[in-house]
Structure formats: C-alpha cells, structure tokens
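# Working through the structure, step by step
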Amino acid sequence: MKKMHEAVEGENLNILIGGIPVGEDVKEKVKFGILKLLNEKYGIREQDFISAEIEAVPACKAKNVGLDESFIGAYGQDDRVCAFTTVKAILDAGKPKRTAIALLVDKEEIGSVGNTGMLSAFFEITVAEMVEKLKGSCSVTMLNRVISNSCCMSSDVSAAVDPNFENAFEKNNATFAGCGMSLVKYTGARGKSGSSDANAEFVYKIGKIMDDNGVIWQTGELGKVDHGGGGTIAQYVANLNMDVIDCGVPVLSMHSPFEVTSKGDIYMAYKSYMAFYADMM
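Description of the structure in this document.

## Things to note about the environment of Trp 217
- Relative to the helices and strands, Trp 217 is located in strand 7 (residues 217-219).
- By relative accessible area, which is 27% here, Trp 217 ends up partly exposed.
- It is 8.4 Å that separates the C-alpha atoms of Trp 217 and Gly 207, two residues lying 10 residues apart in sequence.
- Apart from residues no more than four positions distant in its own chain, Trp 217 is found in contact with Cys 179, Gly 180, Met 181, Leu 183, Gly 207, Met 210 and Asp 211.
- Separated by 2.8 Å, the side chains of Trp 217 and Asp 211 make a polar contact.

## Side note on the sheet that holds strand 7
- Overall, mixed pairing links the 4 strands, which are arranged 3-9-5-7 in an open sheet. Because the sheet does not close on itself, it has two edges, and the strands there are strand 3 (151-155) and strand 7. The mean angle between the axes of side-by-side strands here comes to 30°, regardless of whether they run parallel or antiparallel.
- As paired elements, strand 5 (residues 181-184) and strand 7 share 3 bridges and run parallel to each other. Directly across from Met 181, in strand 7, lies its bridge partner Trp 217.
- Packed onto the sheet, helix 7 (residues 200-212) meets strand 3, strand 5, strand 7 and strand 9 (243-248) and runs at close to 45° relative to strand 9.

## With respect to helix 5 (residues 122-135)
- For helix 5, built from 14 residues, the straight-helix expectation of 20 Å at 1.5 Å per residue is met to within 8% by its first-to-last C-alpha distance of 20 Å.
- Among the residues of helix 5, Phe 123, Val 127, Ala 128 and Val 131 are the ones counted as buried. The buried residues of helix 5 all sit within an arc of 130° when viewed along its axis, so they share a single face.
- Just downstream of helix 5, Gly 136 is the residue with a positive phi angle, here 95°.

## Quick notes on unusual backbone geometry
- Looking along the chain, the bond that leaves Asp 78 and enters Asp 79 is cis, with omega of 15°.
- Relative to the helices and strands, Asp 79 is located in helix 4 (residues 77-92).
- For Glu 69, which is not glycine, the phi torsion reads 55° and is therefore positive.
- Its relative accessible area of 43% is what places Glu 69 among the partly exposed residues.
- For Asn 241, which is not glycine, the phi dihedral falls at a positive 75°.
- Within the secondary structure, Asn 241 is located in the loop between helix 8 (234-238) and strand 9.

## Side note on the packing of helix 7 against helix 9 (residues 263-278)
- At a closest axis distance of 9 Å, the pairing of helix 7 and helix 9 adopts a crossing angle of 110°. It follows that helix 7 is roughly perpendicular to helix 9 by the angle criterion. Counted together, Ile 206, Ile 209 and Met 210 of helix 7 and Ser 272, Ala 275 and Phe 276 of helix 9 form the full contact between these two elements.
- Residue composition of the contact of helix 7 with helix 9, by class: 5 nonpolar, 1 polar and no charged.

## A word on the side chain of Ser 158
- Within the fold, Ser 158 resides in strand 4 (residues 158-159).
- In this structure Ser 158 comes out as buried when scored by relative accessible area, which is 0%.

## Some points on the sheet that holds strand 2 (residues 71-74)
- Across the sheet, 3 strands lie side by side as 1-2-11; this open sheet has antiparallel pairing. What marks the edges here is a single partner per strand, and that holds for strand 1 (63-65) and strand 11 (259-262). The mean angle between the axes of side-by-side strands here comes to 35°, regardless of whether they run parallel or antiparallel.
- By the bridge criterion, 3 bridges tie strand 1 to strand 2 in an arrangement that is antiparallel. Counterpart to Asn 64 in the pairing with strand 2 is Ile 72.

Procedures and definitions
By convention here, each chain's residues receive numbers from 1 onward along its written sequence. Where local features are concerned, this predicted model is filtered to residues with pLDDT of at least 70; where side-chain atom pairs are given and counted, the filter is 80 or more; whole-chain, interface and lining totals use all residues. As a rule here, side-chain values cover all heavy atoms of the structure and leave hydrogens and water aside. Going along the chain from the N terminus, every DSSP run of H or I of four or more residues is numbered as a helix, and every run of E of two or more is numbered as a strand. Residue exposure (1.4 Å probe, protein chains only): buried if accessible area is under 20% of the type maximum, exposed if over 50%, otherwise partly exposed. What makes two residues a contact is simply this: any of their non-hydrogen atoms within 4.5 Å. In protein, a polar contact means a hydrogen-donor-capable atom and an acceptor-capable atom, both N or O and within 3.5 Å, with residues adjacent in sequence counting only if both atoms are side-chain atoms; elsewhere, any N or O pair within 3.5 Å suffices. Two strands form a pair only when DSSP identifies at least two bridges running between them. Whenever a helix is involved, its axis is fitted only over the stretch in contact; in every case the axis is a line through C-alpha atoms, and angles between N-to-C directions fall within 0 to 180 degrees. In this analysis, the expected span of each helix is defined as 1.5 Å times one less than the number of residues it contains. The arc in question is traced by the directions running from the helix axis to the C-beta atoms. Should an angle fall under 35 degrees it is taken as roughly parallel, and over 145 as roughly antiparallel, whereas 65 to 115 is taken as roughly perpendicular and any remaining angle as oblique. When residue character is reported, Ala, Val, Leu, Ile, Met, Phe, Trp, Tyr, Cys and Pro are called nonpolar, Asp, Glu, Lys and Arg charged, and the others, Gly included, polar.

From the geometry alone we can't say anything about function, so treat these as descriptive.
Next comes the structure, spelled out in structure tokens:
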C-alpha cells in the first residue's frame with residue numbers, strides 16, 4: 001500500500017494527447033500527426049518545446065456552483081482569483097492619495113525564485129527608477145526610506161474550512177467560504193515557521209479601513225498549528241522592511257483541479273483592494 005502523497009508519482013503524470021497515425025512516410029506517425037496539428041493551430045514546432053513553458057490544465061471553463069449559483073468552480077483560482085481582483089481594483093482606483101502599485105509575481109508555489117518571482121530585485125529596481133524620475137536621483141537611503149514608508153496587502157487565497165476535513169482546521173481561527181474576504185496575520189508551517197507575521201498596529205489599521213468602507217471580512221490561518229500550513233510572498237515583502245498582511249479569498253478544495261470560491265468573497269476582496277488604494281496610509 002502507498003500513502004496518499006505517494007499514490008501518484010510525478011513521473012507517472014503522463015498525458016494522453018492523441019492516437020491517430022498520419023499517412024505520411026515517417027517513423028513516428030502519431031507523434032507527427034500531433035505536431036502537425038500543433039503547428040497548424042498554434043504555429044508550434046517541435047523545437048519550441050525546449051524553451052516554451054507549457055502547462056496542462058483542465059479543459060473545462062469556470063462554472064457556477066450551487067443551486068443558487070453563489071459559488072464559482074474552476075482550476076487555478078489559487079491565485080488567479082486574487083490576481084484578477086487586484087488588477088481590476090487598481091484599474092478602477094482612479095487617483096489614489098499616494099503612488100499605487102499592483103505587482104503580480106510568478107513562481108510563488110516553488111519558492112518565488114527566478115527573475116519573475118518576488119525574491120528577484122525587480123520591485124526594488126522599479127521603485128528606485130520611480131524615485132529617480134521624481135527626485136532626479138535615488139540613493140540607497142532614499143530607496144530604503146520609500147519602501148519602509150510603504151505598505152502592502154499580499155493578495156493570496158486562504159484555506160476555507162472543508163467539512164470533509166474539519167480536523168485539519170482550528171474552526172475558531174479559520175476562514176469560511178461565503179463569510180467575506182480573509183485577513184491572515186501569519187502563515188507558516190508548524191506554527192509560524194517560514195512565515196510573515198504582521199504587526200498588531202498594521203492589522204488594526206487594515207481592519208479599520210475594511211470597516212470604514214463596508215467590507216465584510218474575517219480572519220484565519222492556514223490550518224491547525226501542528227498540521228503544516230503554508231506560506232505566501234508576504235515574508236519577502238516584510239524582509240524589505242515594509243508593513244504587509246496576507247489578504248484574499250477563502251478557497252475550498254485548494255490545489256485540486258476544481259477549486260471553489262464564493263462570489264460574495266470575491267467581490268469583497270475586490271472591494272477591500274479598492275478601499276486600500278483609496279485610503280493608503
């Protein structure tokens with residue numbers, strides 16, 4: 001018998017993509033037929049597979065879930081649901097009191113590595129260029145001061161209590177689908193290891209912004225202390241000496257091919273980001 005995490009090994013994730021051989025006089029007739037289709041539809045050649053980042057995702061589109069259609073079911077809502085609401089919020093924000101940035105980064109699930117991840121210097125370089133254009137120059141001290149005076153809502157999903165796995169959650173400190181956007185003071189594994197832990201003053205300030213703008217919100221963590229948990233990019237933002245807190249949409253069946261979120265929570269996430277941009281401290 002195998003444990004659940006051993007049931008499907010990575011090298012056994014083979015994809016069935018075709019089976020009709022072509023009539024041409026080639027050695028691998030099925031492979032040639034598939035490559036021919038890819039080239040005709042998308043202009044892809046075999047050598048493109050060396051450099052391309054190609055992902056296999058479920059073929060179904062997002063669907064309404066529930067008799068009252070109050071939920072959305074789709075793959076990859078962690079973290080497209082927060083990326084969408086963040087982008088829409090900054091596009092709708094008008095002219096905030098202070099400079100507003102929506103930064104979407106890659107590779108979060110594997111450690112935020114690479115020059116498209118949050119561990120890259122892209123953010124600091126961008127802020128330095130902004131300061132230089134405004135002030136004529138940008139010293140290290142100026143850059144550090146700007147970042148230290150900034151604050152961030154780290155848009156990422158939280159784990160909604162799943163009735164099939166209630167023992168994985170501390171229900172008195174957990175988020176529920178349909179109860180509003182989530183604020184997560186700390187993440188991490190085995191407690192707060194590998195975590196960002198927002199300071200109390202900042203948590204209060206963000207909560208007040210939500211209350212003042214009619215945002216329905218809740219707080220929680222990523223599962224019981226001794227059951228593992230997870231992390232976000234908030235820790236890398238905090239390492240820059242910036243106030244940051246995780247916020248987003250509670251998700252059911254996280255990391256499954258069909259994640260489920262509440263439409264009300266999605267709207268509240270959008271509303272919270274709008275409120276943050278409007279009332280930045």
